[in-house]
Amino acid sequence: MPAVSIRNLSDETHRALRVRAAHHGRSTEAEIRDIIEAAVRPPGRVKLGSLLTAIGRDAELSDRDVEALQKSRDETPAEAHHRKDGDAKGDGMADEPRL
């Protein structure tokens, strides 16, 4: 698991983190993990799967409709699409025409 070091944290901030951690009954390290997790993954965030399910419900798609959509889905890897457009090297740039 990755580790993070925080440099130049003021004594006052470190003390406040220790107090907050004690208030929550956990270590300072666990408290910092919780703070970071809450900051980057808030509980009210929209999750893609939930959003797609809601769109399907709003559109009143049946299971049969979903199956038809899945069968018609293009499963070609994105890299292959680029290469079809004149990008033989796969670098995102169209190749120069040969003379």
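Residues numbered from 1 in each chain as written. Predicted model: local features only at pLDDT ≥ 70, side-chain atom pairs only at ≥ 80, totals over all residues. Heavy atoms only, no water.

### Thoughts on the overall build of the protein chain
1) Next: Looking only at helices and strands, the protein chain has five helices and zero strands in total.
2) Next: Helices and strands appear in the protein chain in the N-to-C order α-α-α-α-α.
3) Next: Here the protein chain, with 99 residues, has 6% of them falling under the buried criterion.
4) Next: For the protein chain, the accessible area works out to roughly 9300 Å², and carbon and sulfur atoms hold 53% of it. (Helix = DSSP H or I, 4+ residues; strand = E, 2+ residues; numbered from the N terminus. Buried < 20%, exposed > 50% of the residue type's maximum accessible area, 1.4 Å probe, protein only. Areas by Shrake-Rupley, 256 points an atom, 1.4 Å probe, with all protein chains shown as cover.)

### As for the pattern of salt bridges
1) Next: Tallying each qualifying case throughout the model produces five salt bridges.
2) Next: The salt bridge involving Arg-33 is made with Glu-29; its shortest N-O contact spans 2.9 Å. Separated by four residues within a single helix, Arg-33 and Glu-29 lie in helix α2 (residues 28-40), roughly one turn from each other.
3) Next: A salt bridge links Arg-41 to Glu-37; its shortest N-O distance comes to 3.4 Å.
4) Next: Taken together, the shared-partner salt bridges in this structure form one network comprising Arg-20, Arg-26, Glu-31 and Asp-34. (Salt bridge = Lys/Arg side-chain N within 4 Å of Asp/Glu carboxyl O.)

### What to know about the side chain of Glu-31
1) Next: Relative to the elements of secondary structure, Glu-31 occurs in helix α2.
2) Next: At a separation of 2.6 Å, a polar atom in the side chain of Glu-31 contacts the side chain of Arg-20. (Polar contact = N/O pair within 3.5 Å; in protein donor to acceptor, adjacent residues only side chain to side chain.)

### What to know about a nonpolar patch on the surface
1) Next: Taken together, the side chains of Val-46, Leu-48, Leu-51, Leu-52 and Ile-55 present a nonpolar region at the surface, about 510 Å² in accessible area.
2) Next: Within the element layout of this structure, Leu-52 appears in helix α3 (residues 48-58).
3) Next: When its relative accessible area of 51% is taken as the criterion, Leu-52 is described as exposed. (Patch = residues over 30% accessible without salt bridge, like charges linked within 9 Å, V, L, I, M, F, W, Y side chains within 5 Å.)

### Notes on the packing of helix α1 (residues 11-24) against α2
1) Next: Two elements in contact, α1 and α2, have axes separated by 8 Å at closest approach and are oriented at 95°. In terms of orientation, α1 lies roughly perpendicular with respect to α2. Across the interface between the two elements, His-14, Leu-17, Arg-18, Arg-20, Ala-21 and His-24 of α1 pack against Thr-28, Glu-31, Ile-32 and Ile-35 of α2. (Axes fitted to C-alpha atoms, helices over the stretch in contact; angles between N-to-C directions. Parallel < 35°, antiparallel > 145°, perpendicular 65-115°, else oblique. Contact = heavy atoms within 4.5 Å.)

### So, the confidence of the model for the protein chain
1) Next: Within the protein chain, residue pLDDT values average 82, and 80% of them lie at 70 or more.
2) Next: Mean pLDDT per element in the protein chain: helix α5 (residues 78-84) is the minimum at 64, and α1 is the maximum at 96. (pLDDT = per-residue confidence, 0-100.)

### Regarding unusual backbone geometry
1) Next: You will see that Asn-8, though not glycine, has its phi angle at about 60°, which is positive.
2) Next: Looking at the secondary structure, you find Asn-8 in the segment before α1.
3) Next: The phi dihedral of Glu-60 falls on the positive side, at around 55°, and the residue is not glycine.
4) Next: Residue placement: Glu-60 occurs in the loop between α3 and α4 (63-72).
5) Next: Residue Glu-60 is classed as exposed on the basis of its relative accessible area, which comes to 70%.

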